[in-house]
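Structural description and commentary
Residue strings, one per chain:
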Amino acid sequence: MLWASIWSVATCSTSLATPLFNDVTTAAGITHTHAISSASNDAMTGGAAAGDFDGDGLIDLFFTRPGATDVLYRNTGTAFEDISTAAGFTATVPSAGVTSGDVDNDGDLDLYVSTTSHNRFYLYINDGAAHFTEQALLRGAAVEAPGTSTWRSMGTTFGDYDRDGYLDILTTDHSRPMSNNGSRLLHNLGAANPGHFEDVTHAAGLDVYRQALNLPNTVYRFQPQFADMDGDGRTDILFSSDDRTSQLFWNNGDGTFIDGTLAAGVGTDKSGMGSAVADYDGDGDLDWFITAIFDTPFLGVNPGNRLYRNNGNRTFTDVTTAAGVRNSGAGQEVSWGWGTAFLDYDNDGDQDLAMTNGWVALGYGGDDTTLRRNNGNGTFTDVTVGSGIVDTGQGRGLLRLDYDVDGDLDMLIVTLNGAPILYRNDTGESGSWLRVKTIGSVSNRNGIGAIVTVTPDAYLPEATQMWEIHNGESFLSQSEMTAHFGLGARTSPVDLVTIRWPSGIVQRFFDVAPNSVLIADEAMTGDFNADLHVDVEDLATWHEEFGQLASDRSADADLDGDVDGRDFLIWQRLLSPPATALDSARFVPEPSTYALLMIVLGSRLLRNVSTCLTSSPLRRRACF
């Protein structure tokens, strides 16, 4: 059954707006500090995940801490409440990266945590009420190190690389031998044993590494990502990595991957750390941004970030300098980039870019966290000064989220050995917006890997925006998974929202209200009988429900709360073959049904369609 919930929030909408962010960390109830342990002393840690862990519709926050217990905050709607102990996080583990997703498709978010200077990883299974039980060993996800070895793992992520409807796990490791490291691909056993895993790293071809500039035969992977970079419907794999070892693996579609790094023109970053993908230039494909070290006096040694623009043919162009994003810091200061995220902070319809920095060593000091506004022409402008973003600490993870449910994107920064910073977006007169939350049925429950496109005006298809639902990203962290689209000054309904699910199902929503959250359950628009085909058999369901006022009708294609002629016209538009060429061998209705359809669809529907399409739901029912 196709249905969606629309939740509206009033907002003003206008053009360009000056960014304004306020530090509300303490006021919001976030009170912990990050801590590294004396055993690990790992200064490259500090991750967080934003997600609705208790199912109440609000975004909660989870933080890793290698030197203390991990922290889980519940969003109460007015502040954050520390529920770590009640949630089951009572033991101290040297945690580093984190990602969340529904590994067993039971409707709640589980957590996967990587570790540093430790011999295994942790999988926390959610009981649906934000109480977690650690089950990595039981479920084959611990990635145990042999003998006395330890991992120095960094980021981790979920994705469904084989499109079987269950989330797989991708991990990383840093400064460990190629022959013995914790960078693994764990395949979810799926329907046979949901949420249990097998290690397929070698079989998938992911134990292929680039030689580092300095120490040979060593792995330096920081942040992994699943993303469909070539638009073929199969999720590919990205690694932002240190010592010029970043990699791009193309998905072959048979459970294996091939290293396409050099042929694609990527991997030129020397010290790749944070990673973010988005369609920053609005051409319909995903581009790749990587943070790195920038050092003006030694530009050839530490040449800074990379922005790889997708050419659409499995190749990329390095546009870092032209786009103005080579330095993560302000001006020409030396900077040591970490977490990063694309986000449309002003809701003007294009993806802006935030970066956090910091390293106290080798002549580097505290770096500015910066915000870059997308100018809409392939370039970015630093708008940090005057924005309220004044962080100069050692930032690590950086997340985008709408924690206060007001329709604009806030930012969270994880600080090494310090308090995190929650920046509330108070940008005045920002544009209208639309948020899309995906709930898979044939695909994985979270809809990770789904491509969402929004066409505000069907007469201006060039203004279409796209976003891929993904999770683990930035640096050791995960932003909120809900897709967020700025609509600028638009106040009228969005003409078309299209979702291409990992399953291959394509779903369309028409006339979606701006300033709303579209909660989309996976189905096919026009597939009234839920058989995964839009065909003439759907007419029987439409006929049965015709004239009914109910929000849960499966034939309510336009989601307006009733089943009427509009829904028939949507079905007709999506039907293949067209309704004018019905196959009598496939559709032979009973005489009474056939007669009724001839009467309704012939004489009355065609006579009254123009009137009905502009009438109220009650009037439309009377028309037919």
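Looking at an unreviewed UniProt entry, one finds the protein named ASPIC and UnbV and attributed to Lacipirellula limnantheis.

The next subject is the packing of aromatic side chains. Applying the stated criterion across every chain, the model contains 23 aromatic pairs. Measuring from ring centre to ring centre gives 5.0 Å for W336 and W359, while their planes differ by 20 degrees; the resulting arrangement is stacked. Within this pair, whereas W336 is found in strand β26 (residues 335–343), its partner W359 is found in the loop between β27 (352–357) and β28 (370–374), the two being separated by 23 residues in sequence. Take W336 and W359: they sit in the same class, and that class is buried. An aromatic cluster of at least three residues, connected via ring pairs, comprises F53, F62, F89, Y122, Y124 and F132. The ring of Y122 is capped by R120, whose NZ or CZ atom sits 4.0 Å from the centre of that ring. Above the plane of the ring of F239 lies R221, whose end atom (NZ or CZ) is 3.9 Å from the centre.

Right, let's talk about the pattern of salt bridges for a bit. Scanning the entire structure with this criterion turns up 16 salt bridges. The shortest N-O distance in the salt bridge between R74 and E81 comes to 3.8 Å. For R74, a relative accessible area of 29% corresponds to the partly exposed category. A residue is classified by how much of its surface remains accessible, and E81, at 39% relative accessible area, is partly exposed.

The strands that make up a sheet are held in pairs by hydrogen bonds between backbone atoms, and each pair lies either parallel or antiparallel. Strand order in this open sheet of four strands is β35-β34-β39-β40, and the pairing throughout is antiparallel. Every interior strand has two partners, whereas the edge strands, β35 (465–468) and β40 (506–512), have only one. Between one strand and the next, the sheet's axes are offset by a mean angle of 15 degrees, whatever the strand orientation. Strand direction decides the pairing type here: strand β34 (residues 451–455) and β35, joined by four bridges, are antiparallel. Counted as the bridge partner of V454 is Q465 from β35.

Another aspect to go through is the nonpolar core. Grouped together as the largest cluster of nonpolar side chains are 80 residues, with contacts concentrated most on Y112, F132, L307, F342, V436 and V497. Not counting residues within four places of it along the chain, the set of residues in contact with L307 comprises Y280, W288, F289, T317, D318, V319, T320, A323, V325, F342 and F380. Counting 17 residues, the second-largest nonpolar core is a separate cluster that includes I59, L61, Y73 and F80.

Calculation criteria
Residues numbered from 1 in each chain as written. Predicted model: local features only at pLDDT ≥ 70, side-chain atom pairs only at ≥ 80, totals over all residues. Heavy atoms only, no water. Phe/Tyr/Trp six-rings, centres within 6.5 Å; stacked < 30°, edge-to-face > 60°. Helix = DSSP H or I, 4+ residues; strand = E, 2+ residues; numbered from the N terminus. Buried < 20%, exposed > 50% of the residue type's maximum accessible area, 1.4 Å probe, protein only. Lys NZ or Arg CZ within 6 Å of the ring centre and 35° of its normal. Salt bridge = Lys/Arg side-chain N within 4 Å of Asp/Glu carboxyl O. Pairing = 2+ DSSP bridges. Axes fitted to C-alpha atoms, helices over the stretch in contact; angles between N-to-C directions. Core = buried A, V, L, I, M, F, W, Y, C linked by side-chain atoms within 4.5 Å. Contact = heavy atoms within 4.5 Å.

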